[in-house]
Amino acid sequence: MSFTITNAADVARISRSVHLEADPVGRRWDLHSHDAIFRTPAGKIEVQFCNECLDVVIDSQGSIAHYKMPKGFYKEVWNEIQKRPQKERWAMEPP
């Protein structure tokens, strides 16, 4: 599932919840079922994630930087999904 957030206040709130930490397990090829795009006037940030880890897309060729899932970020995204109408909600494990 995928979603895009363009509201500057929402992008800022969710961005503040990201505290990146290397993933000690090194799940470099974890298949992520979720992705999100955060758009601002300065550009966009694209991420792919599961409840365990977060990949940040760092260039147009799809190169990624891999991290342990920031718990605050997962909680913010889960809360954002819960605001959506029932038919648009994802099946995500609660934080």
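Refer to the structure printed above.
In what follows, the accompanying structure is described. (Residues numbered from 1 in each chain as written. Predicted model: local features only at pLDDT ≥ 70, side-chain atom pairs only at ≥ 80, totals over all residues. Heavy atoms only, no water.)

### Things to note about the overall build of the protein chain
- When helices and strands are counted, the protein chain shows two helices and five strands.
- N-terminal to C-terminal, the α/β element order of the protein chain is β-α-β-β-β-β-α.
- In terms of overall dimensions, the protein chain has a C-alpha envelope of 35 × 30 × 20 Å along the principal axes.
- In the form shown here, the protein chain has an accessible surface area of approximately 6,000 Å², with 53% of it arising from carbon and sulfur atoms.
- Charged side chains in the protein chain number 13 positive and 13 negative. The centres of these two groups are separated by 5 Å. (Helix = DSSP H or I, 4+ residues; strand = E, 2+ residues; numbered from the N terminus. Areas by Shrake-Rupley, 256 points an atom, 1.4 Å probe, with all protein chains shown as cover. Lys, Arg positive; Asp, Glu negative; His and termini not counted. Charge placed at Lys NZ, Arg CZ, Asp CG, Glu CD.)

### Side note on the sheet that holds strand β5 (residues 64–68)
- Taken in spatial order, the five strands of this open sheet run β1-β2-β3-β4-β5, and their pairing is mixed. At either margin of the open sheet sits one strand with a lone partner, and together these are β1 (2–5) and β5. Strand-to-strand, the axes of this sheet are offset by a mean angle of 20 degrees, without reference to chain direction.
- Relative to strand β3 (residues 43–49), strand β2 (residues 34–40) runs antiparallel, the two being bridged by seven bridges. Bridge pairing links T40 to G43 in β3.
- Of the strands in this sheet, β1, β2, β3 and β4 (53–57) touch helix α2 (residues 71–82), which is tilted by about 95 degrees from β1. (Pairing = 2+ DSSP bridges. Axes fitted to C-alpha atoms, helices over the stretch in contact; angles between N-to-C directions. Contact = heavy atoms within 4.5 Å.)

### A closer look at the state of the cysteines
- Tallied over the full model, the rule gives zero disulfides.
- Free cysteine: C50, not disulfide-bonded; nearest cysteine sulfur from C53 at 3.7 Å.
- Look at C50 and you get buried, because its relative accessible area is 12%. (Disulfide = S-S within 2.5 Å. Buried < 20%, exposed > 50% of the residue type's maximum accessible area, 1.4 Å probe, protein only.)

### Notes on the pairing of β1
- Burial along β1 is one-sided: F3 and I5 are buried, while S2 and T4, pointing the other way, are not.
- Bridge count between β1 and β2: four bridges; the pairing is parallel. By the bridge assignment, I5 is partnered in β2 with F38.

### Regarding the pairing of β5
- Here β4 runs beside β5; their pairing, made up of five bridges, is antiparallel. When the sheet's bridge partners are listed, L54 is paired in β5 with Y67.
- The antiparallel pairing of β4 with β5 creates a hairpin that spans six residues between the two strands, and G62 there sits at a positive phi of about 90 degrees.

### Re α2
- Across its twelve residues, α2 extends 17 Å between first and last C-alpha, which sits within 8% of the 16 Å expected from 1.5 Å per residue.
- Burial in α2 covers these residues: F73, Y74, V77, E80 and I81. Take α2 and look down its axis: the buried residues cluster within an arc of 125 degrees, on one side only. (Expected span 1.5 Å × (residues − 1). Arc of directions from axis to C-beta.)

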